[in-house]
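An overview of the molecular structure
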Amino acid sequence: MVLGGNSTAAEDRAATGATKNEGSTSDRNRREAALLVVVYQSGDAACPTEFLQYFVSILGVCLFGADAMRDVGLLLLILTIPNVADASECRAPDGQAGKAGQPGITGRAGRPGARGDTGDPGATSGTSDVPIKRGPAGDPGSPGKHGSKGHVGQTGPIGENGPYGPQGQKGHSGQGGGLRGKERPAFSAVISSMGRSSHGPIITFDRMITNEGLCFQRGTGKFLTCKAGWYYFTYNIATGGKLCIKIMKNNVEVAGFCDVAASVYSRSNYQINSGGVVLRLKKQDQVYLEMVPEYNNIYGSDEVNSVFSGFLLFPDQ
């Protein structure tokens, strides 16, 4: 019994000590909870989530005891794991600025930029590239010498014909042009009677119809060329018998014409002996008509004339 009594007493002391220990533990937890409230209100808590878990644990121990809160704390730990996994990193209290770090290495050169707008040109002096202000304009200089004449350009293509213009008024008649006098010789000589003078075989004439330039000599029956060129000569000689005529140039026969069928005893019928030629003459050349001595029957009267004519066609160049 003594032993039993002692054991009971010992148990009572142990229980009393445990009660005191629990009481001291509860007091300490209350103080820590109060301290945590002060820290949370002052803003020194590092992480609100951790602070809340710790605060609830201390408060549960104070109210329900350590054994009961052990199970409650385990339950709270299980419930707060997802929130802790999803929560962002807790922000630490602001501290003092640290020292500046060392400068980094120089980066690579960037890409060339776009080309800028062209700037205004600057005036420069004659001996330096330093821009200077432009002075006032000077007086105009004297004209320079004429340059050499340029080459003639190629002829352009012929253009199309333009439309016809309106018809103009009729002009006044102009003066006659061409050659005159000895520059345009022409003649016509006539045998108008039988009383002509004889110069041998050369036929002479007693009257002039035309003698432009006075190149024909009526008394000798010869044409003396006044201007070189091309001439036409012709004759029409009336005859009542046989007649042969030769056209002569400088004593040389050019052409001859004969009529020997007429009767020398027939006075009522007359024949006309005709001939002509174109000659190229030089100045002072002579042209005339000549008869053949045996056939020289020439007739002339006021009604029946024998005519010898000649004129310049065109002069030599």
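Right, let's walk through the structure included here. Keep in mind that what you see is a predicted model, and the values were worked out from it rather than measured.

**Concerning the environment of V307**
- Inspection of the secondary structure puts V307 in strand 12 (residues 306-315).
- Through-space distance from the C-alpha of V307 to that of I237 is 6.3 Å; in sequence the pair is 70 residues apart.
- In contact with V307, other than residues within four places in its own chain, are A189, V190, T234, Y235, N236 and I237.

**What about unusual backbone geometry?**
- One non-glycine residue, N251, adopts positive backbone phi at about 70°.
- Inspection of the secondary structure puts N251 in the loop between strand 8 (243-249) and strand 9 (252-259).
- On the basis of relative accessibility, which here comes to 64%, the residue N251 falls in the exposed class.
- In this structure, Q284 takes a positive phi of about 80° despite not being glycine.

**Brief notes about the nonpolar core**
- Formed by 25 residues in total, the largest nonpolar core has its most connected members in I203, F205, F223, F233, L289 and F308.
- Elements with a minimum of two residues in this core: strand 3 (186-191), strand 7 (229-239), strand 8, strand 10 (271-281), strand 11 (286-296) and strand 12.
- It is strand 7 that provides the largest number of residues to this core, a total of four residues.
- Setting aside residues up to four positions removed in sequence, F223 forms contacts with P185, F187, C215, F216, Y231, F233, L281, D285, Q286 and V287.

**What about the sheet that holds strand 4 (residues 207-212)?**
- Spatially, the five strands line up as an open sheet ordered 4-3-12-7-10, and their pairing is antiparallel. Looking along the sheet, the strands with just one partner apiece sit at the ends: strand 4 and strand 10. Strand after strand, the sheet turns through a mean of 10° between neighbouring axes, direction not considered.
- Where strand 3 and strand 4 come together, five bridges link them in antiparallel fashion. Directly across from A189, in strand 4, lies its bridge partner M208.

**As for the side chain of E290**
- Along the polypeptide, E290 turns up in strand 11.
- By relative accessible area, E290 is classed as buried at 14%.
- With residues near it in sequence (within four places) discarded, E290 still touches P201, I202, C244, I245, K246 and M248.

**Here we look at the state of the cysteines**
- Tallied over the full model, the rule gives two disulfides.
- Between the sulfur of C215 and that of C226 lies a disulfide, 1.8 Å long from S to S. On the sign convention where negative is left-handed, the bridge of C215 and C226, at about -135° about the S-S bond, is left-handed. On the criterion of sequence distance, the pair formed by C215 in the loop between strand 4 and strand 5 (216-217) and C226 in the loop between strand 6 (222-224) and strand 7 is long-range, its members being 11 residues apart. The burial state of C215 is the same as that of C226; both residues are buried.
- Residue pairing for C244: its cysteine sulfur links by disulfide to C258, the two sulfurs lying 2.1 Å apart.

**Structural notes on the sheet that holds strand 6**
- Strand order across the open sheet formed by five strands is 5-6-11-8-9, with antiparallel pairing between neighbours. Each of the sheet's edge strands pairs with one partner strand only, and the pair in question is strand 5 and strand 9.
- Summarising the sheet, strand 8 and strand 9 pair through seven bridges and their orientation is antiparallel. Bridge assignment links I247 to a residue of strand 9, and that residue is A255.

Here is what the cut-offs are and how they apply
Residues numbered from 1 in each chain as written. Predicted model: local features only at pLDDT ≥ 70, side-chain atom pairs only at ≥ 80, totals over all residues. Heavy atoms only, no water. Helix = DSSP H or I, 4+ residues; strand = E, 2+ residues; numbered from the N terminus. Contact = heavy atoms within 4.5 Å. Buried < 20%, exposed > 50% of the residue type's maximum accessible area, 1.4 Å probe, protein only. Core = buried A, V, L, I, M, F, W, Y, C linked by side-chain atoms within 4.5 Å. Pairing = 2+ DSSP bridges. Axes fitted to C-alpha atoms, helices over the stretch in contact; angles between N-to-C directions. Disulfide = S-S within 2.5 Å.

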